[in-house]
Structure formats: structure tokens, C-alpha cells
Amino acid sequence: MAFRKKAGLIFDEAPDILIVPECECPEKLKLRPDLPFPTSVLWYGVNPHKGLAVFSFGPYKLKLLKTHNESISIILPIEVTGGAFNFTLIATWAYNNHDKGYNYIGQVWKAIEHYAKILKRKNVIIAGDFNSNVFWDKLKRKVSHTMVVKKLSEMGIHSTYHGFLNLE
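Throughout what follows, the structure given in this document is the object of discussion. (Residues numbered from 1 in each chain as written. Predicted model: local features only at pLDDT ≥ 70, side-chain atom pairs only at ≥ 80, totals over all residues. Heavy atoms only, no water.)

## Quick look at the pairing of strand 3 (residues 50-56)
Then, number 1: The element strand 3 is largely enclosed, with a buried count of six among its seven residues.
Then, number 2: Relative to strand 3, strand 2 (residues 40-47) is paired through six bridges, and the arrangement is antiparallel. Bridge pairing in strand 3 places Leu42 opposite Val54. (Buried < 20%, exposed > 50% of the residue type's maximum accessible area, 1.4 Å probe, protein only. Helix = DSSP H or I, 4+ residues; strand = E, 2+ residues; numbered from the N terminus. Pairing = 2+ DSSP bridges.)

Shown next, in the form of C-alpha cells:
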């Protein structure tokens, strides 16, 4: 939280696209005037102090797709245009404490189901905070981290993070 206090650290790295979970809404996000101003900003949340923000810089433009399902709390299907090629970004903050049994990783599971057609397209990136780890598979939940990774793998979607670490 309090991204406004940390924004300079990451904005100095000149990201093209930045996904920030637990970020205050743009009206509350008073950025320092010396920081580069984002080209596009999308924010979604119920609490103005804590939602999901997606920022783009340079030529990149963001547009929330009409297929966004508000019941899958904070997972946003976004069209990204203006770069070398267009792509779909599924910006993720897996959190919904009102969806008992499907909070955290369960939200990702629901998103995979709902956005299945989008996930079959070329040029799709899923990124953000999955709020999950295989360590929590032992918790009594309807959906586990391992189930989500397996389902994505069956769809031909593999984790760059886990592949990089050689953990998958």
C-alpha cells in the first residue's frame, strides 16, 4: 500500500507497463511532479485505498475489455495497443475476501474459466499478484495453487517465473 511513496523507485526504471496491487485509486495517488506521467492508467477496486492499478508509459495504451467480469474481483482483461504488436494483458490481483472458498487462488481459477476464449488467443500475458504458492495447497480450499498451474499448463500456458527458476 502507499504506492505514492514508492512510485519513484519503480518509475525510475522506466517500465513499459506496471501492475500494482494494493494501490490507491488515481484520485488519491498524488505522484511527485518529477516522475514521468503514465500514458494510460486503469484502476479497479472497491476500497479507494486498495485496488489494482495498471500503468502504461510511452506508446502503450490500455483499455479494459467489455468481457470483464466484476464478480471475479480484481482480475482485469486489458487490451494493450501502441507497441510493436498488440496483446491482451490479464492483470491479476488474486484477492476477494467475500467469495468464500474461492478467495485468493480461487479467483484465478474462476478467471481461467471465464476468460478461456481470451486465453486461447495469441499474444496473451497473465501477470500480477496471484497471492499463491504451492505451500498453501495444504489449506482446505476448493482450488489449490497446483490445480491452477496444472490447468494453465493443460491450456498451453506456462509460468515464465517457474520455468526461469526451473521449478515447474
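Still to come is the rest of the account.
## Focus: the pattern of salt bridges
Then, number 1: Evaluated as defined, the whole model comprises two salt bridges.
Then, number 2: The residue Lys151 makes a salt bridge to Glu113 at a minimum N-O spacing of 2.7 Å. One end of the pair, Lys151, is in helix 4 (residues 145-154); the other, Glu113, is in helix 2 (residues 105-114), with 38 residues separating them in the sequence.
Then, number 3: You can call Glu113 partly exposed: its relative accessible area is 44%.
Then, number 4: Residues Glu154 and Lys150 are paired through a salt bridge, measuring 3.9 Å at the closest nitrogen-oxygen approach. Here the residue Glu154 and the residue Lys150 both occupy positions in helix 4, the gap between them amounting to four residues, near one helical turn.
Then, number 5: Using a relative accessible area of 52% as the deciding quantity, one classes Lys150 as exposed. (Salt bridge = Lys/Arg side-chain N within 4 Å of Asp/Glu carboxyl O.)

## Some remarks on the packing of aromatic side chains
Then, number 1: Counted according to the given criterion, the structure contains five aromatic pairs.
Then, number 2: Plain terms: the ring middles of Trp93 and Tyr95 are 5.0 Å apart, the flat faces sit at 15 degrees to each other, and that makes the pair stacked.
Then, number 3: Its relative accessible area of 1% is what places Trp93 among the buried residues.
Then, number 4: Among the aromatic side chains, those forming a connected cluster through ring pairs are Phe11, Phe55 and Phe57.
Then, number 5: When the ring centre of Tyr95 is taken as reference, the NZ or CZ atom of Lys50 above it lies at 5.6 Å.
Then, number 6: If you follow Lys151 out to its NZ or CZ, it ends over the ring of Trp109, 4.8 Å from the centre. (Phe/Tyr/Trp six-rings, centres within 6.5 Å; stacked < 30°, edge-to-face > 60°. Lys NZ or Arg CZ within 6 Å of the ring centre and 35° of its normal.)

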